[in-house]
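Structural features, examined
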Amino acid sequence: MSDMKRLALMLKELEEQLTVCMKCGMCQSVCPLFEETGREADVARGKLALLDGLGREMFDDPAGVAERLNRCLLCGSCAANCPSGVRVLDIFIKARAILAGYMGLSPIKRAALRGMLAHPERFDRLVAWGSRFQKYFTRPVNDLVGTSCARFVSPLIGGRHFRPIAETPFHERTPALDTAAGASGLRVAFYVGCLLDKIFPEIAEDVVAVLNHHGVGIYMPEGQACCGIPALSSGDLKTFGALTRRNLERFDPGDFDYLVTACATCTSTIKEMWPLMAGRCGVDKVDGVDKADGVDGVDGGKISAIAAKAMDINQFLVSKLGVGAAPESSAGAAVVTYHDPCHLKKSLKVVAEPRIVIRANPECRLVEMPQSDWCCGLGGSFNLQYYQTSAAIGRRKRDNIRAVDPAVVATGCPACMLQISDALSRAGDRVAVRHPVQLYARTLRA
Ligand code: SF4
Ligand code: SF4
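Residues numbered from 1 in each chain as written. Chains lettered and ligands numbered in written order. Predicted model: local features only at pLDDT ≥ 70, side-chain atom pairs only at ≥ 80, totals over all residues. Heavy atoms only, no water.

**A closer look at the domain arrangement of the protein**
Under the domain assignment used here, the protein contains domain 1 (3-103), domain 2 (167-319) and domain 3 (334-445). Spacing between the C-alpha centres of domain 1 and domain 3 amounts to 28 Å. Facing the 18 residues of domain 1 at the interface are 15 residues of domain 3. Together domain 1 and domain 3 conceal approximately 1300 Å² of surface at their shared face, both sides included; 65% is due to carbon and sulfur atoms. Counting the contacts that link domain 1 with domain 3 gives 1 salt bridge. Arg396 is paired through a salt bridge with Glu35; the nearest N and O atoms lie 3.2 Å apart. Taken together, domain 1 and domain 3 are joined by 3 residue pairs in polar contact (both at pLDDT 80 or more). Elements with a contribution of two residues or more to the side of domain 1 that touches domain 3: helix 2 (32-37), helix 4 (62-70) and helix 5 (77-80). For the side of domain 1 that touches domain 3, the leading source of residues is helix 2, giving 5 residues. The residue makeup of the side of domain 1 that touches domain 3, split by class, is 9 nonpolar, 5 polar and 4 charged. (Domains from an automatic or database assignment. Contact = heavy atoms within 4.5 Å. Buried area = accessible area lost by both parts, 1.4 Å probe. Salt bridge = Lys/Arg side-chain N within 4 Å of Asp/Glu carboxyl O. Polar contact = N/O pair within 3.5 Å; in protein donor to acceptor, adjacent residues only side chain to side chain. Helix = DSSP H or I, 4+ residues; strand = E, 2+ residues; numbered from the N terminus. Nonpolar A, V, L, I, M, F, W, Y, C, P; charged D, E, K, R; others polar.)

Here's what the structure looks like:
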């Protein structure tokens, strides 16, 4: 069988979904990338057409198609607004896995994903090393936003303003928890996630404080791994499978009522991507072609049970614990605006709850920014590969934030917090960037 035939056979998995696209072009008006570049190959319709052509053997350029597919924030704005209901993100994720399985990973991605991310203890050691030595090659640049920048010219950091690695990660501050349900009668598993653990441990501490305050039992096992989204979005099913299996070993859905996270991306990965990729993902479906071993041995029933219990912390606080907005904000309350993370609004449809959690603090006056659900432009590894475009999308978010002149911008995703911090700090703005849970936790300390 020729190589192209083999690839076409692997892409057959997507054929049915690809034909759903009626080429209406409605996705153009909501795609933050297309808005920036105006290139058809950057919008969902263009990418789907390229995949369709490759699957039909109309041209022979899998590397070119993979490159176009990678130029995507995976924000889901196209899928959320598609009149035909094309499952764009599912197609893109599966296509990336198929193409990576066919062509192999780049050496850099292989080293980062299989050499590091797949081994949480090794990853922790590397991050701990970075935390110890970051002061020698970075310097604080905006105390209110909490950002640093490169001390010297650095091809790796470039002009980025970033939130530094925490001195002590959350897993060292609080290695594990296993407490019984209190007054609420509920017990949750707390999935921490990499960014809360390594960059924002104070948010994880506030999650624990809030759950304790409401009498919620917490099950938080040691040795949690990444949710796997960096590997999955790079098409690396092997690493994704290893991380999923490791997390499944630590979380038994029979032990808790809900699994909460304070990261929109982790929640949507556990809730939507784990089930999507459970069992198989097309690459291992076709007899005689590349088998993706990454998802072998993953228990689909357990994944479904955990996915059904996974919940964003804001949603949990409002819908299960009855947290509500304060009757009114106090005189002199700080203006707080809210950015809707794509994974929270477009994927999980969580919109009202984070706003209620912010308004639960009477010292906060919520003022909506324009286009609060326009993507911040981070897109995980998109930011690493295409920083100039990512930063240009981030500038639009920054302008929308500044339009309401807030003291604080809140958002329910630590990845968005990184991007918004960069955009604000580079513009010289002095706006604090917080998670809604942090604002709510303040009311418990008052
Ligand atoms: S993906 Fe949806 S919105 Fe975009 S062209 Fe196809 S049918 Fe239209
Ligand atoms: S996921 Fe986002 S960036 Fe990618 S094509 Fe859809 S709207 Fe554009």
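On we go from here.
**Focus: the confidence of the model for the protein**
For the protein, the mean per-residue pLDDT works out to 93, and 95% of the residues sit at or above 70. Confidence drops under a pLDDT of 50 for residues 281-294, and excluding neighbours within four residues, the segment shows 34 contacts in the predicted structure. (pLDDT = per-residue confidence, 0-100.)

**Points about the site of ligand 2**
Taken together, the neighbourhood of ligand 2 is formed by Cys31, Pro32, Asp42, Ala44, Cys72, Leu73, Leu74, Cys75, Gly76, Ser77, Cys78 and Leu89. Along the lines of polarity and charge, the residues of the shell around ligand 2 split into 9 nonpolar, 2 polar and 1 charged. (Near = heavy atom within 4 Å.)

**Re the site of ligand 1**
Cys21, Cys24, Gly25, Cys27 and Cys82 are the nearest of the 13 residues found near ligand 1. Grouping the constituent residues of the shell around ligand 1 by class yields 9 nonpolar, 2 polar and 2 charged.

**Some points on the packing of helix 3 (residues 44-55) against helix 4**
Taken N-terminus to C-terminus, the directions of helix 3 and helix 4 make an angle of 160°; their axes are 10 Å apart at the nearest point. Accordingly, the angle class assigned to the pair helix 3 and helix 4 is roughly antiparallel. Of the two possible hands of crossing, helix 3 and helix 4 adopt the one that is left-handed. Along the contact surface, helix 3 presents Lys47, Leu50, Leu51 and Leu54, while helix 4 presents Pro62, Val65, Arg68 and Leu69. Looking at side-chain class alone, the contact of helix 3 with helix 4 contains 6 nonpolar, no polar and 2 charged residues. (Axes fitted to C-alpha atoms, helices over the stretch in contact; angles between N-to-C directions. Parallel < 35°, antiparallel > 145°, perpendicular 65-115°, else oblique. Left-handed = near helix turned anticlockwise from the far one by under 90°.)

**Brief notes about a nonpolar patch on the surface**
Together, Trp129, Phe133, Tyr136, Phe137 and Phe152 line one region of the surface with nonpolar side chains, adding up to about 550 Å² of accessible area. Mapped onto the elements, Phe137 comes out in helix 8 (residues 120-137). (Patch = residues over 30% accessible without salt bridge, like charges linked within 9 Å, V, L, I, M, F, W, Y side chains within 5 Å. Areas by Shrake-Rupley, 256 points an atom, 1.4 Å probe, with all protein chains shown as cover.)

**Structural notes on the environment of Arg110**
Looking at the element boundaries, Arg110 is found in helix 7 (residues 107-117). Between the alpha carbons of Arg110 and Lys135 there is a distance of 28 Å; along the sequence they are 25 residues apart. Beyond its immediate stretch of four places on either side in the chain, Arg110 contacts Leu105 and Gly115.

**Observations concerning the nonpolar core**
With 132 residues, the main nonpolar core has Phe92, Phe190, Leu211, Leu259, Phe316 and Leu317 as its most contacted residues. Beyond its immediate chain neighbours, meaning those up to four positions away, Leu259 contacts Ala189, Tyr191, Phe251, Ile270, Ile306, Lys309, Ala310 and Met311. (Core = buried A, V, L, I, M, F, W, Y, C linked by side-chain atoms within 4.5 Å. Buried < 20%, exposed > 50% of the residue type's maximum accessible area, 1.4 Å probe, protein only.)

**Describing the layout of surface pockets**
Roughly 480 Å³ of internal volume is contained in the second largest pocket. Lining the second largest pocket are 31 residues, and of these Asp124, His171, Asp197, Lys198 and Gln224 lie nearest its centre. For the lining of the second largest pocket, the secondary structure elements donating two or more residues are helix 8, helix 9 (170-173) and helix 10 (194-198). When residues of the lining of the second largest pocket are assigned to their parent elements, the largest contribution, 7 residues, is made by helix 8. (1 Å grid on protein atoms, 1.4 Å probe; cavity = no way out; pocket = protein on both sides within 12 Å on 5 of 7 lines; lining within 4 Å. Points joined across faces, edges and corners; volume = space filled by probe spheres on them.)

**Side note on the sheet that holds strand 7 (residues 310-312)**
A sheet is described by the order of its strands in space; here 5 strands give the open sequence 3-5-4-6-7, paired in mixed fashion. Every interior strand has two partners, whereas the edge strands, strand 3 (177-178) and strand 7, have only one. Note: strand 3 against strand 5 (residues 217-220), 2 bridges, orientation antiparallel. Residue pairing for strand 5: Leu177 is matched across the bridge by Met220. The sheet contacts of helix 15 (residues 300-309) involve strand 6 (258-261) and strand 7, and relative to strand 7 the element is tilted by about 25°. (Pairing = 2+ DSSP bridges.)

**Digging into the sheet that holds strand 9 (residues 364-366)**
Spatial strand order, 9-8-10-11: 4 strands in an open sheet with parallel pairing. Here the strands that pair on one side only, and so sit at the sheet edges, are strand 9 and strand 11 (432-434). Put simply, the sheet's adjacent strands are angled 35° from each other on average, direction ignored. With 3 bridges connecting them, strand 8 (residues 334-339) and strand 9 associate as parallel partners. What sits directly across from Ala334, in strand 9, is Cys364.

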